[in-house]
Amino acid sequence: MELQHVNVKVFVDGELSVDLYRFVEFFHEWIRDDVLDELLIDVVDYQHVPAGPAVMLIGHEADYAIDNAGHRFGLHYNGKAAIDGSNEDRLGQALAAALNACTLLEAHFAAEGLRFSRTEFELFINDRALAPNTPQTLAAAQPQIEAFLKTALNHDQFTLTHDSDPRRRFRLTVNTATPVDFDAVLNTLRT
Amino acid sequence: MKASNTRWKDRLDGKLPADLAQEIDQFESQIELRRQGKIDDKIFAETRLRRGAYGQRYDNGQRYDGKQVRQLAFPEDKNTKGPGTVWDAPGMLRIKIPFGGMNPRQLEVMADLAEEYADGITHVTTRQDLQFHFVHIDDTPTLMRRLAEVGITTREACGNSVRNVTGCPYSGVCPDESFDVTPYARALSLFLLGHPDAQNFGRKFKPTFSGCSQHGCGLAAMHDLGYTAATRIVDGKEQRGFRFVVGGGLGAVPNQAKLFDEFLPPEEVLPMAQAIARVFARHGEKKNRSRARMKFLLRTWGIDKFKEEVLEERKKLRDDPRWTEYIDQAQSEVESPLNPPGDMPETNGNVEYTRWVKANIRPQRQEGYFTATVALPLGDLTPDQLRALADITARFTTGTIRTTVEQNFVIRWVSGSDVPALFEVLSTAGLAQPGAGNILDIVACPGTDTCKLGISSSRGLAAELRTRLEQKCFEMDQAVQDLHIKVSGCFNSCGQHHISDIGFYGVNRIVNGYQVPHFQVVLGGQWENNAGAYGLPIVAIPSKRIPDALDRITEFYLRMRQKNERFTAFVQRIGKAQIRQALDDLTQNKPEHDDDPSFYSDWGDPREYSTGDIGIGECAGEVVTAYQFAMTEAERVVFEAQLYLDAGNLQRAGKDAFAAMLTAAKALVQIQYDDVADDPDEIVDEFRERFYDTKLFLDPFAGGKFAQYLFAAHENADASFTAETALPLIEEAQLFIEAVHSCYNRMRSAGLSQSTEGA
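Here the structure is a predicted model, which is why all the values come from computation and not from measurement. (Residues numbered from 1 in each chain as written. Chains lettered and ligands numbered in written order. Predicted model: local features only at pLDDT ≥ 70, side-chain atom pairs only at ≥ 80, totals over all residues.)

**What about the overall build of chain A?**
For clarity, the cut-off: Numbering of helices and strands runs from the N terminus; a helix is a DSSP stretch of H or I covering at least four residues, while a strand is a stretch of E covering at least two. In this treatment the radius of gyration is a C-alpha quantity, and the globule benchmark scales as 2.2 Å times the residue count to the 0.38 power. Three exposure classes are used. Buried residues have 20 or more other C-beta atoms within 10 Å of their own C-beta, exposed residues have 12 or fewer, and partly exposed residues fall in between, all C-beta atoms being placed from the backbone. Here the contact rule is simple: place C-beta atoms from the backbone, and any two residues whose C-beta atoms are within 7 Å are in contact.
Of the regular secondary structure elements, chain A holds 4 helices and 8 strands. Mapped in sequence order, the helices and strands of chain A form the string β-α-β-β-β-β-α-β-α-β-β-α. Radius of gyration (C-alpha) of chain A: 16 Å, near the 16 Å computed for a compact globule of 191 residues. Each of the three principal axes of chain A carries a C-alpha extent, and together these read 40 × 30 × 30 Å. In chain A, which comprises 191 residues, the proportion classed as buried is 44%. Considering only residue pairs separated by 6 or more positions, chain A has 60% of its internal contacts joining residues 24 or more positions apart.

Written out as structure tokens, the structure is:
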């Protein structure tokens, strides 16, 4: 099974403490200052949409959003470009991009107390042809994702919960028993 | 680009309506041909526009970052999908929703597509279309296939074509309508889609249907073709018909449509539209795009000459059974409810419910049933909301929901006793926003968010006004609550600012040496009476002062209006000068840049304001003649013939080679004779008589050799092909196509090709 277009949502820990317009400003700075090693195009403000992608940074390879789907804010990374390599490579690329963005946001909004969860995030595949949300997909993908997470997190103290609604994209919620060290995971994924 | 595009093609093979499947396959081939440089940039631009694939801001590969204009380093930055339009730059896909009618399955597919191919947001437009933004051109065939699976097409959603046929979303259930216009809107939409007589316009062409004359749901007076239902009694029997107006439009210079027929009978709805399309195609402006809409032809000719030409053209049309075959069914078509009728509680002790009922619920003409307007801030909704809407529509109705020109949805046939439960589930989905159709329900075009022509941030302003009004709207005087606000990002009026009580459109002014976003204030337009009056431009005010201007206008109205005076009448009575005086100080005393930099940026965008990102708009499309389109089609078909040959399908390869020759021959014949049928015998006969016998087609060096290729292929059309016969035929087809091009060029040089194509 080919897992492309990997998405990651890292939830905000507790209530979002930053005015959403500040993300609009900051994402514009990311574009202007070439903060990421990928093509960033524009910022879109969707604050008016209830439980939506409140602020989006549109890129060529990927989009980033301060997303409020399900009324839970988080950093949502959406890998749009098809990527060569193995499933493990693609999962690693997406998780690294998401955690890197979280790290940058936390540093910038430290005074406002922005912090992302170290114990819960979501992984999903934004492609219903490659990964329909079926038991077959779960059976095929879960072992690969578990193996990837064991390496990335450097432990196996996590649980995966599957959202089985067939209308939704294939999605697993990852809960870890101990807090994830973003820097350590990033180091692992980059080596 | 999605990794799964080929999977979708395989998965949906044989499952789509044949005509839609073929069109999408052709578009996919055209994408490949453009990649190989085998289709001209300009022709590909108009081709994709006619498939709904529209350009978007920054698709010229550069963007102003607040300090300087920077290149966007797209990977595929050499290839283009139109003049100055980078291949990899994201674009918009417009999806036609005739008369706004949708069902739950279609809503669910929209949700999936928004997630997988766009930025997760589905946008309802001011012409009942849906739009996705930030879509890659390479993904559009897959999107189109998945839409086609649920009966939706993007064909002719943009470009110089017949755009979405809009219709009153309350048709069939409105207490004030003459009759249900839905079947007529559907029939016209299907009839004109891809119709050969509607392929050679200099600009777009917009039809609409309204069930009554007094409301604004269809906006007939601002359309190229506006049909308003009417009835009359003849010999004691009720007859249906339409008050038919033509040549309306907004744009920079709005134009009220002119009366063409006080009572157009149903059997004339389709043929008269066809006759108008032919007259517009033949006589409409093609060189100057800013004067190419039908309103300019009417302005030049006057309604009497226009009508005379159209009626003369009508007489020439060959009978078409589609003109009338739907009418008997139309008379009896009725939507059915899911649940029995019931009484609606107007209040349940919940102030939110009471507010929502007051503005969002309307009684149907069928007692015990109601429509519920789902008000969408700025016309946007999420995939989760679309799925919720699909579930809700299926739970309370037989699946009847429509988009509106106010960028909302209307759920129809809700039993009165279901209204409280409906409110609850809509609330859970964030879809029970109150104030539908009132001052809070602001309409806005995309503006600088995504439009290449946007001057000011219409959506940013609308969001800001909405946020402020949410705090106080329901405490305001009812006369103010009832006002409409519409915002356009530029003078082109996609936000329909001309037909609003209070309208704004984006302009730019220099202040202290810096560019500053402004909005021109337009007051007194009328949404009611089918866009019955256009507003007066009053004054341009800095964008950041528009909220103050709005407060000033509404306070002035309340203070100065006469008893029960409507806003339009108030503006006309008070006059432009006095209103301007009331706003004048907002145009003065502008802060220095360093004292208030925010004054020099737009709503929702922290970058210092610039108009440097404005590009070349695609609303007008590219003027590509029917000849050019046909020849591009001939080249596509012969290209595919080669692919079939390579794949060993000799019969298909030979047939396509001949089909390509016929297409090219027909393109040439149509320069002299529009009405040539799609029949090989007739095409070849006409070609022989008009171009071979007259020697027009004879090559200066090769003589009639290339024409003989066509004649021979025609004589052997029923033969089966071998490798020895298919390959030469493909080569001959390519040579014949080249000879057609040469002939056409010789004719153009001699001035022989201009009478019917105007380009």
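**Focus: the confidence of the model for chain B**
Residues and elements named next belong to chain B. What counts here: The predictor's confidence in any single residue is recorded as pLDDT, a number from 0 to 100.
Scored by pLDDT, chain B comes out at a mean of 92, with 98% of its residues at no less than 70. In the model, residues 754-759 has pLDDT below 50 throughout and makes 11 contacts with residues more than four positions away in sequence or in other chains. This complex was scored by the predictor with a pTM of 0.89 and an ipTM of 0.98.

**Considering the interface of chain B and chain A**
Between chain B and chain A, the contact holds 38 residues from the first and 33 residues from the second. Of all the secondary-structure elements, those providing two or more residues to the side of chain B that touches chain A are helix H1 (5-11), helix H4 (104-117), strand S15 (380-381), helix H12 (383-396), helix H14 (458-472) and strand S24 (605-608) of chain B.

**Things to note about the pairing of strand S10 (residues 225-234) of chain B**
Residue and element names in this part refer to chain B. Our working definition: For two strands to be treated as a pair, DSSP must find no fewer than two bridges joining them.
Taken together, the 4 bridges between strand S9 (residues 207-210) and S10 define a ladder with parallel strand orientation. Following the sheet pairing, Thr208 is matched in S10 by Gly226. Relative to strand S11 (residues 237-246), S10 runs antiparallel, the two being bridged by 10 bridges. Paired with Thr228 across the strands is Arg243, a residue of S11. Counted along the chain from S10 to the antiparallel partner S11, the turn is 2 residues long, and its residue Asp235 has a positive phi close to 50 degrees.

**Some words on the domain arrangement of chain B**
Keep this limit in mind: These domain boundaries are the output of an automatic or database domain assignment.
By domain assignment, chain B separates into domain 1 (5-148), domain 2 (174-332), domain 3 (351-428), domain 4 (443-608) and domain 5 (626-749). The straight-line distance from the C-alpha centre of domain 4 of chain B to that of domain 5 of chain B is 57 Å.

**Let's talk about the packing of helix H23 (residues 705-715) of chain B against helix H24 (residues 723-749) of chain B**
All names here are of chain B. Under the convention used in this document: Only the stretch in contact is used when a helix axis is fitted, and all axes are lines through C-alpha atoms; the angle between N-to-C directions ranges over 0 to 180 degrees. Under this scheme an angle from 65 to 115 degrees is roughly perpendicular, one under 35 degrees roughly parallel, and one over 145 degrees roughly antiparallel; angles in between are oblique. The hand of a helix crossing depends on one turn: near helix anticlockwise from the far one by less than a right angle means left-handed, and clockwise means right-handed. Residues are grouped as follows: nonpolar covers Ala, Val, Leu, Ile, Met, Phe, Trp, Tyr, Cys and Pro; charged covers Asp, Glu, Lys and Arg; every other residue, Gly included, is treated as polar.
The interhelical angle for the contact between H23 and H24, taken along N-to-C directions, is 130 degrees, at an axis separation of 9 Å. Between H23 and H24, the angle falls in the class oblique. Crossing geometry of H23 relative to H24 is assigned as left-handed. Touching Phe706, Tyr709, Leu710 and Ala713 of H23 are Leu729, Glu732, Leu735, Phe736 and Ala739, all from H24. Across the contact of H23 with H24, the residue classes tally to 8 nonpolar, no polar and 1 charged.

**Overview of the sheet that holds strand S20 (residues 502-511) of chain B**
The strands making up a sheet associate through backbone hydrogen bonding, with each pair oriented either parallel or antiparallel. Residue and element names in this part refer to chain B. Spatially, 5 strands are ordered S18-S19-S20-S21-S22 in an open sheet, and the strand pairing comes out mixed. Of all the strands in the sheet, just strand S18 (443-444) and strand S22 (536-542) have a single pairing partner and so form its edges. As defined by bridge partners, S18 adjoins strand S19 (residues 485-488) across 2 bridges and the pair is classed as parallel. Residue Val443 lies in a different strand from S19, and its bridge partner there is Lys486.

**Topic: the environment of Gly617(B)**
Residue and element names in this part refer to chain B. Assignment of secondary structure puts Gly617 in the loop between S24 and helix H20 (626-646). Sequence separation between Gly617 and Tyr54 is 563 residues, and the spatial gap between their C-alpha atoms is 9.7 Å. In this structure, Gly617 is in contact with Lys452 and Leu453, ignoring residues within four places of it in sequence.

**Structural notes on the environment of Asn530(B)**
Residues and elements named next belong to chain B. Relative to the helices and strands, Asn530 resides in helix H16 (residues 528-531). Looking at Asn530, the number of C-beta atoms within 10 Å reads 28, which means it is buried. Linking Asn530 and Thr373, residues 157 residues apart in sequence, is a C-alpha distance of 19 Å. Setting aside residues no more than four positions away along its own chain, Asn530 makes contact with Ser210, Ser213, Gly216, Gly218, Leu219, Ala220, Ala221 and Thr228.

**So, the nonpolar core**
Test applied: Think of a nonpolar core as buried Ala, Val, Leu, Ile, Met, Phe, Trp, Tyr and Cys residues chained together by C-beta atoms that fall within 7 Å.
Residues Val55(A), Leu75(A), Ala98(A), Leu188(B) and Ile276(B) are the most contacted members of the largest nonpolar core, which totals 190 residues. The residues contacting Leu188(B), other than those within four sequence positions of it, are Val165(B), Pro207(B), Val269(B), Leu270(B) and Ala273(B). Ranked by size, the runner-up nonpolar core spans 44 residues in total, among them Ala634(B), Met661(B), Ala667(B) and Leu729(B).

**As for helix H7 (residues 269-283) of chain B**
Short version of the rule: For a helix, the expected span equals 1.5 Å multiplied by the residue count minus one.
With 15 residues, H7(B) should reach 21 Å at 1.5 Å per residue; the first-to-last C-alpha distance of 21 Å fits that figure. Among the residues making up H7(B), those that are buried are Val269(B), Leu270(B), Met272(B), Ala273(B), Gln274(B), Ala275(B), Ile276(B), Ala277(B), Arg278(B), Val279(B), Phe280(B) and Ala281(B).

**So, the packing of helix H8 (residues 294-301) of chain B against helix H9 (residues 303-316) of chain B**
Residue and element names in this part refer to chain B. Contact geometry for H8 and H9: axes closest at 6 Å, N-to-C directions at 110 degrees. Between H8 and H9, the crossing angle belongs to the class labelled roughly perpendicular. Of the residues in H9, those touching H8 at Leu297, Leu298 and Trp301 are Ile303, Lys305 and Phe306. In terms of residue class, the contact of H8 with H9 is built from 5 nonpolar, no polar and 1 charged.

**Section: the environment of Glu335(B)**
All names here are of chain B. Considering the arrangement of structural elements, one finds Glu335 in the loop between helix H10 (327-332) and helix H11 (351-360). By the C-beta count within 10 Å, which is 17 here, Glu335 ends up partly exposed. The spacing of Glu335 and Tyr505 is 170 residues in sequence and 39 Å in space, taken between C-alpha atoms. Aside from chain neighbours lying at most four places away, what touches Glu335 is Gly172, Thr398, Thr400, Arg412 and Trp413.

**A look at the pairing of strand S3 (residues 55-59) of chain A**
Residues and elements named next belong to chain A. Taken across its 5 residues, S3 has 5 buried, putting it largely inside the fold. Side chains of S3 alternate between two faces, with Val55, Leu57 and Gly59 and Met56 and Ile58 buried alike. One ladder, built from 5 bridges, connects strand S2 (residues 40-45) with S3; its direction is antiparallel. In the sheet register, Val43 faces S3, and the bridge partner there is Leu57. Pairing geometry for S3 and strand S4 (residues 62-67), over 3 bridges, is antiparallel. Looking at S4, one finds that Leu57 is bridged to Tyr64. Counting the residues that bridge the hairpin from S3 to S4 gives 2 residues.

**Points about the sheet that holds strand S4 (residues 91-95) of chain B**
All names here are of chain B. Overall, antiparallel pairing links the 5 strands, which are arranged S1-S4-S7-S6-S15 in an open sheet. Here the strands that pair on one side only, and so sit at the sheet edges, are strand S1 (53-54) and S15. Pairing of S4 with strand S7 (residues 130-135), which is carried by 4 bridges, proceeds in the antiparallel orientation. Residue pairing in the sheet places Ile95 in a bridge with Leu130 of S7. Strand contacts of H4: strand S6 (122-124) and S7, with the helix running at about 20 degrees to S7, the strand carrying the most contacts.

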